Amino acid sequence: MDPQTQNTSLQRLQNVEKRIVTVLELAGGVMEELASPSGPKKEFVNSHCREFMQSMKDIQVTLREEIKSACEYRPFEKCDYNSRIANEICFQKLEYVLTLLDDLKQTADRYPSSD
């Protein structure tokens, strides 16, 4: 996912956030209408409920697409981190073995040769 695609994805998610706010406002409007002392207007409630349901479906589709896109995104596919770490570990092991060999040589040098 290049930076432009990532930016576009963030923009789509920000739009979803705005649509969620709109959906909550629709739900609030329906609740106010249902609580109206003169009684709810059927057309108002029906149109807001239809708009609410359509918006929820749109949000769901967009979020599914974003989740699918995120699952397909592999930022470390070409990363050399694993090989670099493996090399670093091997290097540290080699340094340790060399230290042990130096210690062994010093110990062997303390004893006279049997030649």
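Further up the page is the structure itself.
Quantities reported herein were computed from a predicted structural model and do not represent experimental measurements. (Residues numbered from 1 in each chain as written. Predicted model: local features only at pLDDT ≥ 70, side-chain atom pairs only at ≥ 80, totals over all residues. Heavy atoms only, no water.)

Participant: Just to check I follow, could you spell out helix H2 (residues 42-72) for this structure?
Facilitator: Structural remark: α-helix, 3.6 residues per turn; residues separated by three or four positions point the same way. Here H2 is 31 residues long and its end C-alpha atoms lie 45 Å apart, about the 45 Å a rise of 1.5 Å per residue gives. For H2, the complete set of buried residues consists of Val45, His48, Ser55, Ile59, Thr62 and Glu66. (Helix = DSSP H or I, 4+ residues; strand = E, 2+ residues; numbered from the N terminus. Expected span 1.5 Å × (residues − 1). Buried < 20%, exposed > 50% of the residue type's maximum accessible area, 1.4 Å probe, protein only.)

Participant: When you look at the pattern of salt bridges in this model, what are you seeing that I'm missing?
Facilitator: This structure, assessed with the given rule, holds two salt bridges. Put simply, Arg12 and Glu66 hold a salt bridge, and the shortest N to O gap is 2.4 Å. Of the two residues, Arg12 sits in helix H1 (residues 3-34) while Glu66 sits in helix H2, which places them 54 residues apart along the sequence. By relative accessible area, which is 7% here, Glu66 ends up buried. Lys105 is the partner of Asp109 in a salt bridge, and the nearest nitrogen-oxygen pair spans 3.1 Å. Separated by four residues within a single helix, Asp109 and Lys105 lie in helix H3 (residues 81-110), roughly one turn from each other. Each member of the pair, Asp109 as well as Lys105, is classed as exposed. (Salt bridge = Lys/Arg side-chain N within 4 Å of Asp/Glu carboxyl O.)

Participant: I would appreciate a short explanation of a nonpolar patch on the surface in the present structure.
Facilitator: A cluster of nonpolar side chains, contributed by Leu94, Tyr96, Val97, Leu98, Leu100, Leu101 and Leu104, occupies part of the molecular surface with about 700 Å² of accessible area. Secondary-structure assignment places Leu101 in helix H3. Residue Leu101 is classed as partly exposed on the basis of its relative accessible area, which comes to 48%. (Patch = residues over 30% accessible without salt bridge, like charges linked within 9 Å, V, L, I, M, F, W, Y side chains within 5 Å. Areas by Shrake-Rupley, 256 points an atom, 1.4 Å probe, with all protein chains shown as cover.)

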